[in-house]
Amino acid sequence: MRPVRFVFLKTLILLFFLSCKSEPLKPAKPTGVVVEKAMVVSAREEASTIGATILKQGGNAFDAMVATELALVVSYPFAGNIGGGGFMVYRKADGSVGALDYREKAPLSATKDMYLDSLGNVIPGMSTKGATAVGVPGTVAGIIEVHKKFGSMPLETILEPVIALADEGVIITKKQAERFKNYKDIILEVNDSVTTFPIGCEAGDLVKFPALANTLRRIAKEGRDGFYKGKTAKILASFIQEKGGFVTEEDLAQYEAQWRQPIVFDYKDLNIISMSPPSSGGVTMNQILKMMEPYDVAKFGHNSEKTIQLFTEAARRAYADRNYWLGDPDFVSIPLDELLSDAYLKERMEDFSFDKATKSEDVREGNIQMAESMETTHYSIVDAEGNAVSVTTTLNGAYGSKLYCDKLGFFLNNEMDDFSAKAGVPNMFGLVGAEANSIAPGKRMLSSMTPTIVEREGQLWMVVGTPGGSTIITAVAQTILNGYEFNMSMQDAVSAPRFHHQWLPDMVVFEPKGFSEELKAGLKSKGYNINEDRTPIIGKVDAIRVLPDGSLEGGADPRGDDTAVGF
């Protein structure tokens, strides 16, 4: 028989461990802007303020989306646009979810080899600069479709403050002035050295956009037809064709935004709602997080060697699948059930080891049996009723094709570069594509944009997204992990240093600050290639977290002029 004292001691130890285990992690204290009812987080204070004003006037998240999107055209022409396209994921207060694809399309005259010379080589610059790079814009069709389905305020009322902003002008920020300087020469080159765009502005200058204001007035009055038909369409199609491009009035008239089923998946006790193809964001992030799910990521620590290894290896495999299998679902058959199955993802990680790197040359697309940019912008909105929208929109490159239509007051996209001009040849973001993303008339090009909404315990928890080309997917995934695995506040999760890997090129990219030389040396010793060149910032995440008391914390990325505004 055991002594009573031993049994008592054993019971005390057991009770101690049980009490430790049952103590849940307290939610992180907010470090960003906190408001009680509603919030908009975007790349510019003017756009966030206009969106928040619409919410305060009784508009819903969808009304605020229309206002914010168009306010970014005025205040953030680097990526805000009516000459480009985007994706929107929504979650209504009743828990219903959906997605809208207003991605640009290839013109009807497009051909698979349109960017190749007589020897079959890609013609430099043809898909990235000027009129030949322009796809059929989708932004106006997108916001009109959202307004038609969910809007609660008249379109003219929503656009009134946006038109006033274009008429009265915006103050150029220091970061904007730096971008103007960086892109001045190429914008002048593409526009034959003559443009009304204020490319020579300095920080502090007030800039007005009268031509854009008139274009917006036509949209406010006529809706979709104010852009895709009539005066605007005639001017736009003539301008593009005069410059050698392919978009016609017929292309514009035929464009339609498309409602899609979002990609919805669980990661531990989170439910993640993200964008489906032709965005690769939801599928690729789904694969990355599900490959990581069996591991105790929180125990590894934030941006530790093990966390970086695990994330990098999952991303390596997911991007290999992305580049091979994904494209426009209206044109290609995508084996989503197989790509996202637990058995397939487990098999993908069977050769992973913490001891050494897997080489990308040894990783191909998975064996399935079957018969994007730094120059994008994202905004997140939650209204007082609990409706949420996550929107990523883009011109593709910085100022898109660099082609500026003086008569209409906006830049045009260079989205045709997001197709695979030739299988195996990298695009401007280094992404190597395959047949699934080849060019065809009326087809939508593959994207990395990843607008995402996250539920926790069945309730709205996070609205998140970012620009960043091919780094978008990894930046969004890391922000979610920062908030969930590492219990960070929304602002801290957004501000934290980020890293990236995309299969090819086989290189881990780290942001300039936040990663020690010791950490990098440890990864090198295991065979990881580290980008030693000057590394750019990775993404500019704009996100909202719902706090336990129902109030909202904004995470506005300090890497830009991004701002959270609410009430």
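- For the protein chain, the name recorded in an unreviewed UniProt entry is Glutathione hydrolase proenzyme, with Zobellia galactanivorans as its organism.
- If you open the UniProt record of the protein chain and go to Subunit (unreviewed entry), you find "This enzyme consists of two polypeptide chains, which are synthesized in precursor form from a single polypeptide."
- Check the Sequence similarities (unreviewed entry) section of the UniProt entry for the protein chain; it says "Belongs to the gamma-glutamyltransferase family."

1. A look at the UniProt feature "binding site: L-glutamate" (unreviewed entry) in the protein chain
Piece 1. According to UniProt, the feature "binding site: L-glutamate" (unreviewed entry) maps to Arg103, Thr394, Leu395, Asn396, Asp418, Ser447, Ser448 and Gly469 in the numbering used here.
Piece 2. Along the chain, the position of Leu395 falls in the loop between strand E11 (388-394) and strand E12 (404-405).
Piece 3. For Leu395, a relative accessible area of 0% translates into the label buried.
Piece 4. Turning to its location among the elements, Asp418 is positioned in the loop between strand E13 (410-411) and strand E14 (452-456).

2. Quick notes on the pattern of salt bridges
Piece 1. Scanning the model with the defined rule gives 27 salt bridges in all.
Piece 2. Of the charged contacts in the structure, one is a salt bridge between Glu189 and Lys129, with a shortest N-O distance of 3.0 Å. Within this pair, whereas Glu189 is found in helix H6 (residues 174-190), its partner Lys129 is found in the loop between strand E4 (97-102) and helix H4 (139-150), the two being separated by 60 residues in sequence.
Piece 3. Take Lys129: its relative accessible area is 31%, and that puts it in the partly exposed class.
Piece 4. Two residues, Asp192 and Lys243, come together in a salt bridge whose shortest N-O distance is 3.1 Å. With Asp192 in the loop between H6 and strand E6 (206-207) and Lys243 in the loop between helix H9 (230-242) and helix H10 (249-254), this residue pair connects regions lying 51 residues apart in the sequence.
Piece 5. A relative accessible area of 52% means that Asp192 is categorised as exposed.
Piece 6. Judged by relative accessible area, which is 35%, Lys243 ranks as partly exposed.
Piece 7. Linked by salt bridges that have partners in common, Asp101, Arg260, Asp328, Asp330 and Arg444 make up one network.

3. Thoughts on unusual backbone geometry
Piece 1. Here Pro277 and Pro278 are connected by a cis peptide whose omega angle stands at 20°.
Piece 2. Topologically, Pro278 is positioned in the loop between strand E9 (270-274) and helix H11 (281-292).
Piece 3. Of note, the bond from Leu504 into Pro505 is cis; its omega dihedral lies within 30 degrees of zero at -5°.
Piece 4. Positive phi is not limited to glycine here, since Lys268 has a value of about 55°.
Piece 5. In the Ramachandran plot, Asn396 falls in the positive-phi region, its phi being about 85° despite a non-glycine side chain.
Piece 6. Tracing the chain through its elements places Asn396 in the loop between E11 and E12.

4. Details of the nonpolar core
Piece 1. In terms of nonpolar packing, the biggest core is built from 87 residues, with Met65 and Met88 touching the most fellow members.
Piece 2. With eleven residues, helix H3 (residues 61-75) is the largest single contributor of residues to this core.
Piece 3. With residues near it in sequence (within four places) discarded, Met88 still touches Phe62, Met65, Gly98, Ala99, Leu100, Tyr102, Val146, Trp259, Met275, Val389, Ser390 and Val391.
Piece 4. Counting residues in hydrophobic clusters, the runner-up holds 82 residues, among them Val35, Val464, Ile472 and Ala496.

5. Brief notes about the sheet that holds E14
Piece 1. Read across the open sheet, the seven strands follow the order E1-E19-E18-E15-E14-E9-E8; overall the sheet is antiparallel. Each having just a single partner strand, strand E1 (34-35) and strand E8 (263-267) make up the two edges of the open sheet.
Piece 2. Relative to the sheet, H11 contacts E8, E9 and E14, its axis offset from that of E8 by approximately 15°.
Piece 3. Lying over the sheet, helix H16 (residues 472-484) contacts E8, E9, E14 and strand E15 (459-464), oriented at roughly 135° with respect to E15.

6. Observations regarding H6
Piece 1. Its 17 residues place the ends of H6 24 Å apart at the C-alpha level, agreeing with the 24 Å of an ideal helix rising 1.5 Å per residue.
Piece 2. Bending of H6 peaks at approximately 55° at the position of Tyr183.
Piece 3. Check the buried side of H6 and you find it contacts H3, strand E5 (170-171) and E13.
Piece 4. Once H6 finishes, Asp192 follows within two positions and takes phi at roughly 55°, a positive value.

What counts and how
- Residues numbered from 1 in each chain as written.
- Predicted model: local features only at pLDDT ≥ 70, side-chain atom pairs only at ≥ 80, totals over all residues.
- Heavy atoms only, no water.
- UniProt positions renumbered as here; feature names shortened; annotations may be inferred.
- Helix = DSSP H or I, 4+ residues; strand = E, 2+ residues; numbered from the N terminus.
- Buried < 20%, exposed > 50% of the residue type's maximum accessible area, 1.4 Å probe, protein only.
- Salt bridge = Lys/Arg side-chain N within 4 Å of Asp/Glu carboxyl O.
- Core = buried A, V, L, I, M, F, W, Y, C linked by side-chain atoms within 4.5 Å.
- Contact = heavy atoms within 4.5 Å.
- Pairing = 2+ DSSP bridges.
- Axes fitted to C-alpha atoms, helices over the stretch in contact; angles between N-to-C directions.
- Expected span 1.5 Å × (residues − 1).
- Bend = angle between axes of the 7 residues up to and from the residue.

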